[in-house]
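Each chain, letter by letter, is given below.
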Amino acid sequence: LNQDPIETLFAFICSSNNNIPRISLMMNRLCIQYGTPLGSYCGKEYYSFPSLEALNQARVESKLRDLGFGYRAKYVTGAAKYILTNHSKLWLESLRDVDYNDAWSLLQEIPGVGPKVADCVCLMALGKAEAVPIDTHMWRLAVKQYGLKVNGNSLSMKNYREIGGMFRSRFGEYAGWAQAVLFRKELLRTKK
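Residues numbered from 1 in each chain as written. Predicted model: local features only at pLDDT ≥ 70, side-chain atom pairs only at ≥ 80, totals over all residues. Heavy atoms only, no water.

Caption draft 1: Quick look at the overall build of the chain. Helices and strands together make up the secondary structure of the chain, namely 11 helices and 2 strands. Scanning the chain from its N terminus toward the C terminus, one meets helices and strands in the order α-α-β-β-α-α-α-α-α-α-α-α-α. Against the 2.2 N^0.38 benchmark of 16 Å for 192 residues, the chain shows a C-alpha radius of gyration of 18 Å, consistent with a compact globule. Counting the 192 residues in the chain, one finds 42% classified as buried. (Helix = DSSP H or I, 4+ residues; strand = E, 2+ residues; numbered from the N terminus. Rg over C-alpha atoms; globule rule 2.2 N^0.38 Å. Buried < 20%, exposed > 50% of the residue type's maximum accessible area, 1.4 Å probe, protein only.)

Caption draft 2: Structural view of the pairing of strand β2 (residues 44-47). Two elements, strand β1 (residues 37-41) and β2, share 4 bridges in a ladder whose sense is antiparallel. Note that in β2 the partner of Y41 across the bridge is K44. Linking two consecutive strands that pair antiparallel, namely β1 and β2, is a turn of 2 residues; a positive phi of about 50 degrees is found at C42 within it. (Pairing = 2+ DSSP bridges.)

Caption draft 3: Region of interest: helix α5 (residues 72-86). The terminal C-alpha atoms of α5 lie 21 Å apart, and with 15 residues this matches the ideal 21 Å at 1.5 Å per residue to within 8%. Turning to α5, its buried residues are R72, A73, V76, T77, G78, A79, A80, Y82 and I83. Packing partners of the buried residues in α5 comprise α1 (5-13), α2 (20-34), α3 (52-55), α4 (60-66) and α6 (91-94). (Expected span 1.5 Å × (residues − 1). Contact = heavy atoms within 4.5 Å.)

Caption draft 4: View of the nonpolar core. Counting residues in each nonpolar core, the largest one holds 59 residues, and the members touching the most others are F10, F69, L107, I110 and F167. The element contributing the most residues to this core is helix α8 (residues 115-125), with 7 residues. (Core = buried A, V, L, I, M, F, W, Y, C linked by side-chain atoms within 4.5 Å.)

Caption draft 5: Main features of helix α9 (residues 136-144). Looking at α9, one finds that the buried residues are H137, M138, W139, L141 and A142. Sitting at the head of α9, D135 places a side-chain oxygen 3.0 Å from the backbone nitrogen of H137. (Polar contact = N/O pair within 3.5 Å; in protein donor to acceptor, adjacent residues only side chain to side chain.)

Caption draft 6: Looking closely at the packing of aromatic side chains. What the rule picks out here adds up to 7 aromatic pairs. Seen from their ring centres, Y146 and F171 are 6.2 Å apart, and the 85 degrees between their planes marks the pair as edge-to-face. In this pair, Y146 sits in the loop between α9 and α10 (157-171) while F171 sits in helix α10, placing the two residues 25 residues apart along the sequence. Ring centres of F167 and F171 lie 6.2 Å apart, and the angle between their planes is 15 degrees; on these two criteria the pair is classed as stacked. (Phe/Tyr/Trp six-rings, centres within 6.5 Å; stacked < 30°, edge-to-face > 60°.)

Caption draft 7: Expanded view of the layout of surface pockets. Estimates place the volume of the largest pocket at around 1,200 Å³. Forming the boundary of the largest pocket are 36 residues, of which F12, S15, I20, I23 and K116 lie nearest the centre. Broken down by secondary-structure element, the contributors of at least two residues to the lining of the largest pocket are α1, α2, α8 and α11 (175-191). (1 Å grid on protein atoms, 1.4 Å probe; cavity = no way out; pocket = protein on both sides within 12 Å on 5 of 7 lines; lining within 4 Å. Points joined across faces, edges and corners; volume = space filled by probe spheres on them.)

Caption draft 8: Seen up close, the packing of helix α7 (residues 100-107) against α8. At a closest axis distance of 9 Å, the pairing of α7 and α8 adopts a crossing angle of 130 degrees. As judged from the angle between their axes, α7 and α8 are oblique. The element α7 and its partner α8 pack so that their crossing is right-handed. Only P115, A118, D119, V121 and C122 of α8 make contact with α7, whose side of the interface consists of Y100, A103, W104 and L107. Across the contact of α7 with α8, the residue classes tally to 8 nonpolar, no polar and 1 charged. (Axes fitted to C-alpha atoms, helices over the stretch in contact; angles between N-to-C directions. Parallel < 35°, antiparallel > 145°, perpendicular 65-115°, else oblique. Left-handed = near helix turned anticlockwise from the far one by under 90°. Nonpolar A, V, L, I, M, F, W, Y, C, P; charged D, E, K, R; others polar.)

Caption draft 9: Main features of the side chain of N159. Turning to its location among the elements, N159 is positioned in helix α10. The class of N159 is buried, set by a relative accessible area of 1%. Not counting the four nearest positions on each side in its chain, N159 is found in contact with W139, V150, N151 and S154.

Any functional reading would require information that these geometric values do not contain.
Take a look at the structure:
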């Protein structure tokens, strides 16, 4: 995939403790509220993804809370402000040209971005096929299906790195895409 890095970043910031239908609803509300109209098709209006400047305006956080973003509202506005204050608008795109580990670390300087969100952005928008987003589904899969032994009962940074490393050593340079297929399969299995 080669998704737009800004849109991908904000979608994954909103993905924390969330489900796909609700994330889609939030992104749609964000575009309607702060994007620009693109036109209509079959009676439905479409909007662009908001600019960083639009998301950095006064009272955006409050409005996003009203729109159901909850605690994520401060991360949306914080991420926009961070990028505009510390980098150029093209900074996220420029991360396509740096190595995976550097991009992963730099992304985590953005408010609301932890290891998993950084890996999701690396994989979906920055061309880093070795990025392996890890959550509890993938942790369970690594332990049950691949016999990985991890310490403790939490997804610590040590465990996160160990699980990602296991997927990279098993699936090589396309470990992130292998993870995406396995993740989908795991979701379908757990819904039964």
